[in-house]
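Listed below are the residues making up each chain.
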Amino acid sequence: MYTKKELHDLRDFYHDQLLKDTIPFWFPRSYDREYGGFLLMRDADGSLIDDDKAVWIQGRTTWLLATLYNTVEKRPEWLEGAKLGYDFLIKHCFDADGQMFFHTTRDGRPLRKRRYFFSETFAVIAFAAYAKASGDEQVAEQARLLFSRCLAYASGELELPSKFTDTRPVRGIGVPMIMMNTAQQLRATIGDERCDDAIDNWIREIEQYFVKDDMKCVMEQVAPDGEIIDHIDGRTLNPGHAIEGAWFILHEAKVRNNDPDLTRLGCKMLDYMWARGWDEEHGGILYFRDVYHKPVQEYWQDMKFWWSQNETIIATLLAYMMTGEEKYAKWHQMIHNYAYKHFHDPVNGEWFGYLHRDGSIAQTAKGNLFKGPFHLPRQEWYGYLLLDEYLKKRLSE
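Model, not experiment: these values are computed from the prediction. (Residues numbered from 1 in each chain as written. Predicted model: local features only at pLDDT ≥ 70, side-chain atom pairs only at ≥ 80, totals over all residues. Heavy atoms only, no water.)

Caption draft 1: Here's a closer look at the packing of aromatic side chains. If you walk through the whole model with that rule in mind, you get 38 aromatic pairs. Centre to centre, the rings of F25 and W26 are 5.0 Å apart; their planes meet at 85 degrees, and the pair counts as edge-to-face. Under the relative-accessibility criterion, F25 is labelled buried at 2%. Overall, the relative accessible area of 0% leaves W26 in the buried class. Taking 5.5 Å as the distance between ring centres and 35 degrees as the angle between the ring planes, the aromatic pair formed by F27 and Y31 counts as tilted. Since its relative accessible area comes to 8%, F27 is described here as buried. Between the NZ or CZ atom of R60 and the centre of the ring of W56, over which it lies, the distance is 4.6 Å. Note that R114 overlies the ring of F102, its terminal NZ or CZ placed 4.2 Å from the centroid. (Phe/Tyr/Trp six-rings, centres within 6.5 Å; stacked < 30°, edge-to-face > 60°. Buried < 20%, exposed > 50% of the residue type's maximum accessible area, 1.4 Å probe, protein only. Lys NZ or Arg CZ within 6 Å of the ring centre and 35° of its normal.)

Structure below.
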């Protein structure tokens, strides 16, 4: 169990890591004041290794800066940064067909699109957070309209372009997960009457199709009817991703006055995937596992990626705050201590992104097309606010 002093210390740790270590690594040097947006592909020391821009990370970074402005401190430089991100997204990142690009040049020329709509979901939360920070109702309306488009993609009403036909159709957990969190962020910033019902539907989908009580796991993909696809891709589990989904559900339980059914579901998902993902030999959350303990196709299956640890830190802390169960405090200490020991760079700040199974650094980049200022600062921001709220409530009782 955590003592009151330990919780105070943990709150202060996340606050200081966020504002004195993680954020200063990225800003203001990543602001692209010439072309807009952010220059985020950076090596260990912060030097630029590429000036291309991943659109989804431009959206994530815009969300982060606007959210810090909205919830932590109204620093003008954070609002300035959020505007740089918003301007770049709105000017350069939408194709003529309405779909967003995935990857552009520094000055916004398109390089690549993807067959999924995650750039759009991150733009929704970016626009919504920036609309709240700036008070711009036009941006708020853009967020809601883009959310409508995401709803159409998610339901199949609006099709994404595809270069091939799936002859083995699958249902993936990624869409209900990301749409749930998108709706949660939209609701928390500018509000949208569609969010509560939509969140209910996505939680039901996750519980019905992906949570397998008989095998104590959360599947990453299943057949359309929820059956396990007994092929190498269909059997692959992603523990960190499922644990991220668990804390989204626990967060919803918290919003709904500690809803007991949602709390049980989120904790069950965390329990199942901690057992599947925690590396008993070296510590940390492994990247991929096979549901039947068979070999996994991807060669990076036993690596430790930064974001899986971030999501597990949030999930275990939130589970402890919600239930008071000692095992979640223990798990949180285990993942927190492992991650800050092995991923954190005490010289330059921020985290390395990729470790070998034994905890050695696989490569030094802290920013690329997939890693940027999102999972780590979100974890530190969320942990700080969660603990601060909990401690203030304890003091008032």
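Caption draft 2: Seen up close, the pattern of salt bridges. Counting across every chain of the model gives 35 salt bridges. Measuring nitrogen to oxygen at the nearest pair gives 2.8 Å for the salt bridge that ties R33 to E80. Taken as a pair, R33 in the loop between α1 (4-26) and β1 (41-42) and E80 in helix α3 (residues 76-92) lie far apart in primary sequence, 47 residues in all. Given a relative accessible area of 51%, R33 falls into the exposed group. A salt bridge links D213 to K268; the nearest nitrogen and oxygen atoms lie 3.1 Å apart. Of this pair, D213 sits in the loop between β7 (211-212) and β8 (217-218) while K268 sits in helix α9 (residues 260-277), placing them 55 residues apart in sequence. For K268, a relative accessible area of 23% puts it in the partly exposed group. (Salt bridge = Lys/Arg side-chain N within 4 Å of Asp/Glu carboxyl O. Helix = DSSP H or I, 4+ residues; strand = E, 2+ residues; numbered from the N terminus.)

Caption draft 3: Inspection of the packing of α1 against helix α10 (residues 306-323) at higher detail. Viewed as axis vectors pointing N to C, α1 and α10 meet at an angle of 145 degrees, and their least axial separation amounts to 14 Å. Of the two possible hands of crossing, α1 and α10 adopt the one that is left-handed. Packed against α1, whose contacting residues are L7, L10 and Y14, the element α10 presents I313, L317, Y320 and M321 at the interface. Partitioned by chemical class, the residues of the contact of α1 with α10 number 7 nonpolar, no polar and no charged. (Axes fitted to C-alpha atoms, helices over the stretch in contact; angles between N-to-C directions. Left-handed = near helix turned anticlockwise from the far one by under 90°. Contact = heavy atoms within 4.5 Å. Nonpolar A, V, L, I, M, F, W, Y, C, P; charged D, E, K, R; others polar.)

Caption draft 4: Spatial organisation of the sheet that holds strand β14 (residues 361-363). Read across the sheet, 3 strands follow the order β12-β13-β14 without closing on themselves; strand pairing throughout is antiparallel. Single-partner strands in this sheet number two, and they are β12 (304-305) and β14. Here β12 pairs with strand β13 (residues 354-355) via 2 bridges, running antiparallel. Looking at β13, one finds that F305 is bridged to Y354. (Pairing = 2+ DSSP bridges.)

Caption draft 5: How the structure looks around unusual backbone geometry. Of note, the bond from F27 into P28 is cis; its omega dihedral lies within 30 degrees of zero at 10 degrees. Structurally, P28 can be placed in the loop between α1 and β1. Even without being a glycine, N258 presents a positive backbone phi close to 60 degrees. Its place among the elements puts N258 in the loop between α8 (239-255) and α9. Since its relative accessible area comes to 43%, N258 is described here as partly exposed.

Caption draft 6: Region of the structure containing the sheet that holds strand β3 (residues 53-54). If you walk across this open sheet you meet the 3 strands as β3-β4-β5, and the pairing is antiparallel. Looking at the sheet topology across the chains shown, the edges are occupied by β3 and β5 (110-112).

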